Amino acid sequence: MAVNPLLAQDGATQSLFPMPESGEAFVLKRDNIDFECALPRGGKLWGRGCFFLSSKRIVFVSGDKSCRQDFRSFAIPLHTLRKPKFEQPIFGANYLAGSTKPLPGMENDPAAAPLLGGDTVFYLTFRSGGCNTFLQLLFQLLSEVQEARAQGPIAQAAQEGRLNQVAYVDPSDPSVLYLSQPTAVAGSEERTNFQMDAPSAPPPEGTQPAPPARNNNCVVC
């Protein structure tokens, strides 16, 4: 789990994507997403953009809206994801909720520092389209992670470019499957330094995530 994991420019699309870790295969990308998390020490982060699902993690990358300039992305390793729950409110957009925490030994990692001290609760709100393709792949990957497979069927299919042969594709789900793995433009790596003591601001007017009962102020204590 990390705030602002390493990003790079995709050689095909020229957009930013998470720099792949060793043995990681990207499965899908989903646009038009609101992200919110409550930090263990009493802060909140919020942004609007996209997320990437890989064989190892979910990575949100902010686009045109973020609660602060130094909040660019957030990584949730699948093996640290706890109590994932998909909600379909009668009023408002569908969202995925869950919690995560850094693994032991990450105390000196600057990207994990804002997340130390307990669980970080997060929400990914889907502002458009269905979610059946994403959910099927997510829970298959979680099952593979729980079984401690080095590379399960979904990860292997993503690596070999045949996800369309093994994934259920829901026409109402706008998730984009990776049929070839992205490659980073040389020298395009980007890591944003997150300032723990920097002032924060609430999200722009009218851009709060769908679940209405939460306070969306973005502050870091």
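What counts and what doesn't
Residues numbered from 1 in each chain as written. Predicted model: local features only at pLDDT ≥ 70, side-chain atom pairs only at ≥ 80, totals over all residues. Heavy atoms only, no water. Helix = DSSP H or I, 4+ residues; strand = E, 2+ residues; numbered from the N terminus. Contact = heavy atoms within 4.5 Å. Areas by Shrake-Rupley, 256 points an atom, 1.4 Å probe, with all protein chains shown as cover. 1 Å grid on protein atoms, 1.4 Å probe; cavity = no way out; pocket = protein on both sides within 12 Å on 5 of 7 lines; lining within 4 Å. Points joined across faces, edges and corners; volume = space filled by probe spheres on them. Nonpolar A, V, L, I, M, F, W, Y, C, P; charged D, E, K, R; others polar. Core = buried A, V, L, I, M, F, W, Y, C linked by side-chain atoms within 4.5 Å. Buried < 20%, exposed > 50% of the residue type's maximum accessible area, 1.4 Å probe, protein only. Axes fitted to C-alpha atoms, helices over the stretch in contact; angles between N-to-C directions. Expected span 1.5 Å × (residues − 1). Disulfide = S-S within 2.5 Å.

Where an unreviewed UniProt entry is consulted, the chain appears under the name GRAM domain-containing protein, with the organism given as Effrenium voratum.

Peer 1: Sorry, what's going on with the overall build of the chain here?
Peer 2: Scanning the chain from N- to C-terminus turns up three helices and 11 strands. Its helices and strands in sequence order give the chain the pattern β-β-β-β-β-β-β-β-β-β-α-α-α-β, from N to C terminus. Within the chain, counting contacts between residues at least 6 apart in sequence, those at least 24 apart form 64% of the total. Accessible surface for the chain amounts to roughly 10,300 Å². Of this, 51% is attributable to carbon and sulfur atoms.

Peer 1: Any chance you could explain the layout of surface pockets here in plain terms?
Peer 2: A water-sized probe rolled over the atoms picks out the places where empty space is left. Of the volumes computed, that of the largest pocket is approximately 310 Å³. Taken together, 18 residues form the lining of the largest pocket, with A2, P5, E21, R57 and A75 sitting closest to its centre. Roughly 260 Å³ of volume is contained in the second largest pocket. Along the walls of the second largest pocket sit 16 residues, with D10, T13, V176, Y178 and P182 positioned nearest its centre. For the lining of the second largest pocket, the secondary structure elements donating two or more residues are β4 (26–38) and β11 (176–177). For the lining of the second largest pocket, the residue count by class is eight nonpolar, five polar and three charged.

Peer 1: Could you clarify how one ought to interpret the nonpolar core in this entry?
Peer 2: One recurring pattern in soluble globular proteins is that nonpolar side chains are buried together. Core analysis: the largest hydrophobic core is formed by 40 residues, its most contacted members being V27, F51, L53, F71, F74 and F134. Secondary structure elements with two or more residues in this core: β4, β5 (44–54), β6 (57–66), β7 (73–77), β10 (120–126), α1 (132–146) and α2 (153–160). Per-element accounting of this core gives the leading share, six residues, to α1. Beyond its immediate sequence surroundings of up to four residues, V27 is in contact with L53, S54, S55, L137, L141, I154, A158, L163, V176, L177 and Y178. In terms of nonpolar packing, the next biggest core, distinct from the first, is built from 10 residues, A8, F17, V59 and Y178 among them.

Peer 1: Would you explain the packing of α1 against α2 in this entry?
Peer 2: A pair of packed helices is captured by two measures, namely the crossing angle of their axes and the spacing between those axes. At a minimum axis distance of 8 Å, the contact between α1 and α2 shows a crossing angle of 115°. Facing α1, whose interface residues are L137, Q140, L141 and E144, α2 presents P153, I154 and A155. Across the contact of α1 with α2, the residue classes tally to five nonpolar, one polar and one charged.

Peer 1: Can you help me understand the environment of L7 in this one?
Peer 2: Tracing the backbone shows L7 in strand β2 (residues 7–9). Overall, L7 belongs to the buried group, its relative accessible area being 2%. Separated by 10 residues in sequence, L7 and F17 place their C-alpha atoms 5.5 Å apart. If we skip the residues at most four places from it in the chain, L7 touches L16, F17, P18, M19, V61, S73, S188, E189 and E190.

Peer 1: How should I be thinking about α1 in this particular structure?
Peer 2: It helps to recall that an α-helix has 3.6 residues per turn; residues three or four apart then point in one direction. When the terminal C-alpha atoms of α1 are compared, their 21 Å separation across 15 residues agrees well with the 21 Å that a helix rising 1.5 Å per residue should span. Along α1, the residues classified as buried are T133, F134, L135, L137, L138, L141, L142 and E144. Trailing α1 by a residue or two, A148 shows a phi angle of about 55°, which is positive.

Peer 1: For this particular structure, what's the right way to read the state of the cysteines?
Peer 2: As used here, a disulfide is simply a covalent bond connecting the sulfur atoms of two cysteines. A full pass over the atoms with the stated rule returns zero disulfides. Here C37 stays free of any disulfide, with the sulfur of C67 as its closest cysteine sulfur at 8.2 Å. In this structure C37 comes out as buried when scored by relative accessible area, which is 0%.

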